[in-house]
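The residues making up each chain are set out below.
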Amino acid sequence: MDNNRLNNITFDELSIGQSASLKRTLTQDDINLFAVMSGDINPAHMNPEYAKASLFHGVIGHGMWSGALISTVLGTQLPGPGTIYLSQDIHFKRPVRLGDEVTVTLTVKSKADTGKPLVDFDCQCTNENGEVVVSGIATVLAPTEHLSIERAHLPNIELYQDHYQSVIDACHDRGAVKTAVVHPVNKASLLAVKEAFEAALIAPVLVGPKERISAAADEAGIDINQWPLVDTEHSHGAAAKAAELAASGEVAAIMKGALHTDELLGAVVKTSSGLRTERRISHCYVMDVRGHNKPLIITDAAINIAPSLEEKADICQNAINLWHTLFGQKGTLPKVAILSAVETVTSRMASTLDAASLCKMADRGQIEGAILDGPLALDNAISLEAAQNKGIQSPVAGDADILVVPNIEAGNMLAKQLTFLGKADAAGIVLGARVPIILTSRADSLRTRLLSCAAAVFLADARQQGSLK
């Protein structure tokens, strides 16, 4: 028999007592996929804590997962292609738990040729202990002609954990952060403001030319009368005014609108702005990479072009502070990988010398709150298998939380490769000033824009509480 084709058994060929079966083992992916497909997020299937305290004392599979296996046998084996599923009488006898191996057996119970090729099947699903978990009667119209159909090749499906939503949800206890939105003179920037406002993440103060902002609001269909508006002549003035509002404490965050990042940051880094701190300003991408087990922070991929050793130390510390603010738990330390092209220190590659120096600076307390190691190549930083294959002994290798790149080219390419080829979400935030600066892009998804704002909520709250200076 050709395993690449599905062949059927016609009505005339079916005999009473004829049977077919298949086996499947219930996995967590099965439960997750069925929930995604059906929308059934019953906590008995999706919430381990609830399920443990329930009548079933643990997570169980959706009942219709087993029912779907009955359809599988009918449509692919007995009778096979051409079968029309008419009805199903189904009884759920026992729960199916993670790891249970379910055997589905269908047996021809009766045939009735009353002008239609009707067949009843006795359906029994048993677990590995021989206990019946599902039983019932299925009625079908059996095929009357032989069919041989090429077996379909199923697409690969990748499930990944959403690392953003818990951070966004946690903002609800902190309240919206009052945010100066700089030069929001186009539809895209005002839509981003509206989304963040409706998610209760920011309380916007629009800063820029009033007429242009009003025109953009009309185009977007957004009522901006609900928000304060500070009129300025142009984008330079908007950036300067936003910095002034932040320095005076009238706002606790700044959000980029429709102006260049350099123009906005130029107003922030001026000595006279009152927003400078002892630390270098730097940018972090908070990456939600599909298939990776946790979020990654990549820095600096947007501001510092070729940072010096001292500037890299500030870049590291900014990222470490962000990690603690967003993801930290008491007693835990993020793992920081200082990236290069190789894992050994050599004078022929300056980034390896910087990496070694940064690790020693951490040993001396010049960088705090993290475990650092480097130089590490990207594969060794995120893949334990790659690190082991190279014999690298490191508390960071294969399990990095923060990736510190050698220069802006490397960081920008890495972040955009993950975003556009790996379909990662990349939220952007600027650190090192007295207020967080939210950087969003027109290409960002809604979730990405919201996480950028959520990061600002966390950082502003941490500064207000005195845990971030």
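In what follows, the structure referred to is the one given above.
Residues numbered from 1 in each chain as written. Predicted model: local features only at pLDDT ≥ 70, side-chain atom pairs only at ≥ 80, totals over all residues. Heavy atoms only, no water.

Asks: Let's hear about the pattern of salt bridges: which residues, and what values?
Replies: Counting across every chain of the model gives 14 salt bridges. Two residues, Asp461 and Arg174, come together in a salt bridge whose shortest N-O distance is 3.5 Å. In this pair, Asp461 is assigned in helix 15 (residues 446–465) and Arg174 in the loop between helix 5 (165–170) and strand 8 (177–182), connecting sequence segments 287 residues apart. Under the relative-accessibility criterion, Arg174 is labelled partly exposed at 36%. When the shortest N-O distance is used, the salt bridge between Asp399 and Lys294 registers 2.8 Å. Pair noted here: Asp399 is in the loop between helix 13 (384–389) and strand 16 (402–404) and Lys294 is in the loop between strand 12 (282–288) and strand 13 (296–299), with a separation of 105 residues, a long-range link. Accessibility expressed as a relative area gives 28% for Asp399, which makes it partly exposed. What makes Lys294 buried here is its relative accessible area of 15%. (Salt bridge = Lys/Arg side-chain N within 4 Å of Asp/Glu carboxyl O. Helix = DSSP H or I, 4+ residues; strand = E, 2+ residues; numbered from the N terminus. Buried < 20%, exposed > 50% of the residue type's maximum accessible area, 1.4 Å probe, protein only.)

Asks: Break down the state of the cysteines for me, with residues and values.
Replies: Using the criterion set out here, one finds zero disulfides in the structure. In this structure Cys284 is not part of a disulfide, and its nearest cysteine sulfur, from Cys316, lies 9.8 Å away. Since its relative accessible area comes to 0%, Cys284 is described here as buried. No disulfide involves Cys316; its sulfur sits 8.5 Å from the nearest other cysteine sulfur, which is in Cys359. (Disulfide = S-S within 2.5 Å.)

Asks: Please provide a residue-by-residue account of the nonpolar core, values included.
Replies: Leu322, Ile367, Leu372 and Ile429 are the most contacted members of the largest nonpolar core, which totals 61 residues. Top contributing element to this core by residue count: helix 15, with eleven residues. Phe11, Ala20, Leu22 and Ile31 belong to the second largest nonpolar core, which has 30 residues in total. (Core = buried A, V, L, I, M, F, W, Y, C linked by side-chain atoms within 4.5 Å.)

Asks: Break down helix 14 (residues 408–420) for me, citing the residues and quoting the values.
Replies: In a regular helix each residue adds 1.5 Å, so 13 residues correspond to 18 Å; helix 14 covers 18 Å between its end C-alpha atoms and thus fits that length. Inspection of helix 14 places Ile408, Gly411, Leu414, Ala415 and Leu418 among the buried residues, and these make up the whole buried set. Buried residues of helix 14, seen end-on, are gathered within an arc of 140° and therefore sit on one face of the element. Structural note: helix 14 exposes Met413 and Phe420 on the side pointing more than 90 degrees away from its buried face. The inward-facing, buried residues of helix 14 abut strand 12, strand 13, strand 14 (335–339), helix 12 (378–382) and strand 16. The N-terminus of helix 14 is capped by Asn407, whose side-chain oxygen sits 3.3 Å from the backbone nitrogen of Glu409. (Expected span 1.5 Å × (residues − 1). Arc of directions from axis to C-beta. Contact = heavy atoms within 4.5 Å. Polar contact = N/O pair within 3.5 Å; in protein donor to acceptor, adjacent residues only side chain to side chain.)

Asks: Give a detailed account of helix 6 (residues 187–198), specifying residues and quantitative values.
Replies: Count 3.6 residues to each turn of an α-helix, and residues three or four apart come out pointing the same way. Counted at 1.5 Å a residue, the expected span for helix 6 with its twelve residues is 16 Å, and the 16 Å between its end C-alpha atoms agrees. Three or more residues of helix 6 are buried, namely Ser189, Leu190, Ala192, Val193 and Ala196. Down the axis of helix 6, the smallest arc covering the buried residues is 155°, so these residues share one side. Ala200, located one to two residues past helix 6, shows a positive phi value of around 60°.

Honestly, that's just the spatial picture; any functional story needs more than this.
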